[in-house]
Amino acid sequence: MALYKTYLRRLATLFLMLNAASIAGCATVPHGFTVVTSPAPIATNSKEHKIFLAGSIEMGKATDWQADVINALKDTNTVVYNPRRSDWNKDWKPELSDPHFKQQVEWELSALEDADTIIMYLAPNTQSPISLLELGLYARTDKLIIYCPDGFWRKGNVDAVAAKYNIKTVGSMEELIAAAKARAH
């Protein structure tokens, strides 16, 4: 009976740990695939390839393309940093004096820095100024892969930066996912 109670306690502890990871924005599925969203800790010590999902969000203007990429990558050994969060509050002020906003920005900067690959999708009919900032920050690295279709308001600028700094560009979401998978292996 004592062995059985010990087993139940360990099982309960494991359940609580997994539940806490899920609540914190970190979900793991088979094959070492992990999704990390803010404010969960960055997986700095992870041996898996780390991919940051940069690009259009603009709450409502861009589709949840990140969910499609996550679903497509779930059979890889990767850590995916997803800045889109379900608990985002539009009332947070975009100022460092707002602790929620500051936490999000600091998380994104840390995740971008830690990532091995940054895939960027700039959706038509969006402006995505933060994504353009991130493009500028990482243009001179080998981390970026960009999908910028016709209809993005600054496509010409994005194409010029990509050409100048030899950034890999692709012509579809399928190609973006394939390029991310190729980097992950």
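The structure under discussion appears in the preceding block.
Rules used throughout
Residues numbered from 1 in each chain as written. Predicted model: local features only at pLDDT ≥ 70, side-chain atom pairs only at ≥ 80, totals over all residues. Heavy atoms only, no water. Helix = DSSP H or I, 4+ residues; strand = E, 2+ residues; numbered from the N terminus. Buried < 20%, exposed > 50% of the residue type's maximum accessible area, 1.4 Å probe, protein only. Contact = heavy atoms within 4.5 Å. Areas by Shrake-Rupley, 256 points an atom, 1.4 Å probe, with all protein chains shown as cover. Axes fitted to C-alpha atoms, helices over the stretch in contact; angles between N-to-C directions. Parallel < 35°, antiparallel > 145°, perpendicular 65-115°, else oblique. Left-handed = near helix turned anticlockwise from the far one by under 90°. Nonpolar A, V, L, I, M, F, W, Y, C, P; charged D, E, K, R; others polar. Patch = residues over 30% accessible without salt bridge, like charges linked within 9 Å, V, L, I, M, F, W, Y side chains within 5 Å. Salt bridge = Lys/Arg side-chain N within 4 Å of Asp/Glu carboxyl O. Lys, Arg positive; Asp, Glu negative; His and termini not counted. Polar contact = N/O pair within 3.5 Å; in protein donor to acceptor, adjacent residues only side chain to side chain.

## A look at the overall build of the protein chain
Next, step 1: Within the protein chain one finds six helices and seven strands.
Next, step 2: From first element to last, N terminus to C terminus, the protein chain shows the α and β order α-β-β-β-α-β-α-β-α-β-α-β-α.
Next, step 3: Sorting the 185 residues of the protein chain into buried and exposed places 41% on the buried side.
Next, step 4: A separation threshold of at least 6 residues defines the contact pool for the protein chain, and within that pool the share at least 24 residues apart is 71%.
Next, step 5: Carbon and sulfur atoms form 57% of the exposed surface of the protein chain, whose accessible area is close to 10,800 Å².

## A closer look at the packing of helix α2 (residues 65–73) against helix α6 (residues 173–184)
Next, step 1: Two elements in contact, α2 and α6, have axes separated by 10 Å at closest approach and are oriented at 45°. Between α2 and α6, the interaxial angle falls into the category oblique. In this structure, α2 meets α6 at a crossing whose hand is right-handed. Across the interface between the two elements, W65, D68, V69, A72 and L73 of α2 pack against M173, I177, A180 and K181 of α6.
Next, step 2: Residues of the contact of α2 with α6, tallied by class, amount to seven nonpolar, no polar and two charged.

## A word on a nonpolar patch on the surface
Next, step 1: A cluster of nonpolar side chains, L109, I130, L133 and L137, forms an exposed patch at the surface whose accessible area comes to about 390 Å².
Next, step 2: With three residues, helix α4 (residues 129–138) is the largest single contributor of residues to the nonpolar patch.
Next, step 3: Tracing the backbone through its elements, the reader meets L137 in helix α4.
Next, step 4: Given the relative accessible area of 48%, L137 is considered partly exposed.

## Section: the side chain of K143
Next, step 1: Within the secondary structure, K143 sits in the loop between α4 and β6 (144–147).
Next, step 2: Comment: no salt bridge for buried K143; closest opposite-charge side chain is D116, at 6.8 Å.
Next, step 3: At 3.0 Å, the side chain of K143 forms a polar contact with the backbone oxygen of L112.
Next, step 4: For K143, the residues in contact, after removing those within four places along its chain, are L112, E113, D114, A115, D116, T117, I118, Y138 and R183.

## Comments concerning the pattern of salt bridges
Next, step 1: Using the criterion set out here, one finds seven salt bridges in the structure.
Next, step 2: In this structure, K181 and D75 form a salt bridge, with 3.9 Å as the shortest nitrogen-oxygen distance. Remark: D75 occurs in the loop between α2 and β4 (78–82) and K181 occurs in helix α6; sequence separation between them is 106 residues.
Next, step 3: For E106, the salt bridge is made with K102, and the minimal N-O distance between the two is 3.9 Å. Of this pair, E106 and K102 both sit in helix α3 (residues 99–114), four residues apart, roughly one helical turn.
Next, step 4: Taking relative accessible area as the criterion, E106 reaches 41% and is therefore assigned partly exposed.
Next, step 5: The class for K102 is partly exposed, based on a relative accessible area of 34%.

## What to know about the environment of T78
Next, step 1: Topologically, T78 is positioned in strand β4.
Next, step 2: Using a relative accessible area of 0% as the deciding quantity, one classes T78 as buried.
Next, step 3: In contact with T78, not counting residues within four places along its chain, are G32, F33, T34, E48, H49, I51, L73 and A184.
Next, step 4: Within polar-contact distance, the side chain of T78 engages the side chain of T76 at 2.9 Å.

## Regarding the environment of A180
Next, step 1: Locating A180 in the fold gives a position in helix α6.
Next, step 2: Placed 131 residues apart in sequence, A180 and H49 show a C-alpha to C-alpha distance of 9.9 Å.
Next, step 3: With sequence-adjacent residues up to four places away left out, A180 is seen in contact with I51, L73, I119 and I145.

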